[in-house]
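Each chain is listed here by its residues.
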Amino acid sequence: MISLKSPAKINLFLRVLAKRADGYHELASLFQTVDLYDRISLSLNEEDKFYCSDSSIPTDARNLVCRAINLFKNKTGLNFHLKIDLEKNIPAMAGLGGGSSNAATTLFALNRLLNTRIPMTELSRWGAELGSDISFFFSAGTAYCTGRGEIIEPLEQLAQCSTLYLVKPPFGISTALVFKNLSVNYENNPCPRQMLSAFCNSRPHFHNDLENPACSLEPNLIFYKKKLKEIGFYEIFMTGSGSTLCCIGQPILPLSLPFQLFQEVRYTRRSLNEWY
Ligand code: C5P
């Protein structure tokens, strides 16, 4: 039996540089894992069983955990059955990379459980076949990601961001629709390398090129940003393709909240050969 935490990620900045011939977009983004976790437990079993704490999440081939298991079987030629327990805390369609993290965690867990000793770089490449954000989780938790998002430049630990809250509105947003709704602005944008070096020198400039297309799909996001400013956050930016907003500041929280709130979120990292 193996049981591992599967962390969420946020994008401290995300620039869209171009639309590619294959339909994907060329990105430059600073990814960071945070201490909001799902948990995945796997054990060898006589038959396949998949339990998930959230009944709205499919437990069939649509789930990235199943797709990661099938990929692992195809790549290694091994055959086995598993009892899978997935405890979900990371909201779906939220820009927090929950599904991608689950896929990466599953690949890492299977490698341990079956003692297959596949190098981390190889697992990271396999992950890229399933989704653009999966390879990132094989970094130590901080990386500058380019290409579709799957080309990883690992980075040293960043200074913790003070009082970070994650606000998840009651609606999710489809990544594919946000990208479809995007018009790439090739000019007049901050250069991603300069943004990266500013971050590494504790001069962060939070920015997300997907925020405008997400707001035109879900105009309520604009209302949420305005309200969050009013209650005292001084920096509010979307992560990934939304709908979660990363908020910095010390708010005066109203008694009832029209959104899901994760308070005092911290950056997290993993050490070499260990998971998060
Ligand atoms: O790779 P992933 O499955 O996470 O991507 C979901 C969708 O988001 C893709 O089908 C594509 O429409 C869009 N996408 C994109 N450019 C990227 C990443 C994703 O256009 N770099």
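Up top is the structure.
Residues numbered from 1 in each chain as written. Predicted model: local features only at pLDDT ≥ 70, side-chain atom pairs only at ≥ 80, totals over all residues. Heavy atoms only, no water.

Trainee: How would you summarise the nonpolar core if you had to cite specific residues and measurements?
Mentor: Judged by nonpolar contacts, the single largest core of 38 residues is most densely connected at Phe72, Phe138 and Trp275. Discounting chain neighbours no more than four positions away, the residues touching Phe138 are Ala104, Leu107, Phe108, Met120, Leu123, Ser124, Arg270 and Trp275. Judged by nonpolar contacts, the second largest core, of 27 residues, contains Ala8, Ala28, Met195 and Ile248. (Core = buried A, V, L, I, M, F, W, Y, C linked by side-chain atoms within 4.5 Å. Buried < 20%, exposed > 50% of the residue type's maximum accessible area, 1.4 Å probe, protein only. Contact = heavy atoms within 4.5 Å.)

Trainee: Please set out the pattern of salt bridges residue by residue, giving values where relevant.
Mentor: When the charged atoms of two side chains with opposite charge come close together, those side chains can pair. This model, assessed by the stated rule, comprises 12 salt bridges. With its nearest N and O atoms 2.8 Å apart, the salt bridge here joins Arg20 to Asp22. The exposure class of Asp22 is partly exposed, given its relative accessible area of 46%. When salt bridges that share partners are traced, they join Arg20, Asp22 and Glu26 into one network. (Salt bridge = Lys/Arg side-chain N within 4 Å of Asp/Glu carboxyl O.)

Trainee: Explain the packing of aromatic side chains residue by residue, including any values.
Mentor: Across all of its chains, the model carries 15 aromatic pairs by this definition. Ring geometry for Tyr165 versus Phe233: centroids 5.2 Å apart, planes at 70 degrees, classification edge-to-face. Of this pair, Tyr165 sits in strand S7 (residues 164-168) while Phe233 sits in strand S9 (residues 233-238), and the two are 68 residues apart along the sequence. For Phe233, a relative accessible area of 2% gives the class buried. Where Phe171 meets Tyr224, the ring centres are 6.0 Å apart and the plane angle is 70 degrees; that geometry is what we call edge-to-face. With Phe171 in the loop between S7 and helix H4 (175-180) and Tyr224 in helix H7 (residues 220-230), this residue pair connects regions lying 53 residues apart in the sequence. Judged by its relative accessible area of 13%, Phe171 falls in the buried class. Here a set of aromatic residues connected by ring pairs shows up, and it is made of Phe13, Tyr144, Phe199, Phe206 and Phe237. Positioned above the aromatic ring of Phe80 is the side chain of Lys73, whose terminal nitrogen or guanidinium carbon lies 5.1 Å from the ring centre. (Phe/Tyr/Trp six-rings, centres within 6.5 Å; stacked < 30°, edge-to-face > 60°. Helix = DSSP H or I, 4+ residues; strand = E, 2+ residues; numbered from the N terminus. Lys NZ or Arg CZ within 6 Å of the ring centre and 35° of its normal.)

Trainee: Account for the site of the ligand, with residues named and values stated.
Mentor: Looking at the ligand, the residues that line it are Gly23, Tyr24, His25, Leu27, Gly131, Ser132, Arg148, Thr175, Ala176 and Phe179. Here an oxygen atom of the ligand sits 2.8 Å away from a polar atom, N or O, in the side chain of His25. In the environment of the ligand, an oxygen atom lies 2.5 Å from a nitrogen or oxygen atom belonging to the side chain of Ser132. Relative to its unbound accessible surface of 450 Å², the ligand loses 72% to contact with the protein. Going through the elements one at a time, strand S2 (25-44) and H4 are the ones with two or more residues in the shell around the ligand. In the shell around the ligand, the residues fall into four nonpolar, five polar and one charged. (Near = heavy atom within 4 Å. Polar contact = N/O pair within 3.5 Å; in protein donor to acceptor, adjacent residues only side chain to side chain. Areas by Shrake-Rupley, 256 points an atom, 1.4 Å probe, with all protein chains shown as cover. Nonpolar A, V, L, I, M, F, W, Y, C, P; charged D, E, K, R; others polar.)

Coordinates in, geometry out; function isn't part of it.
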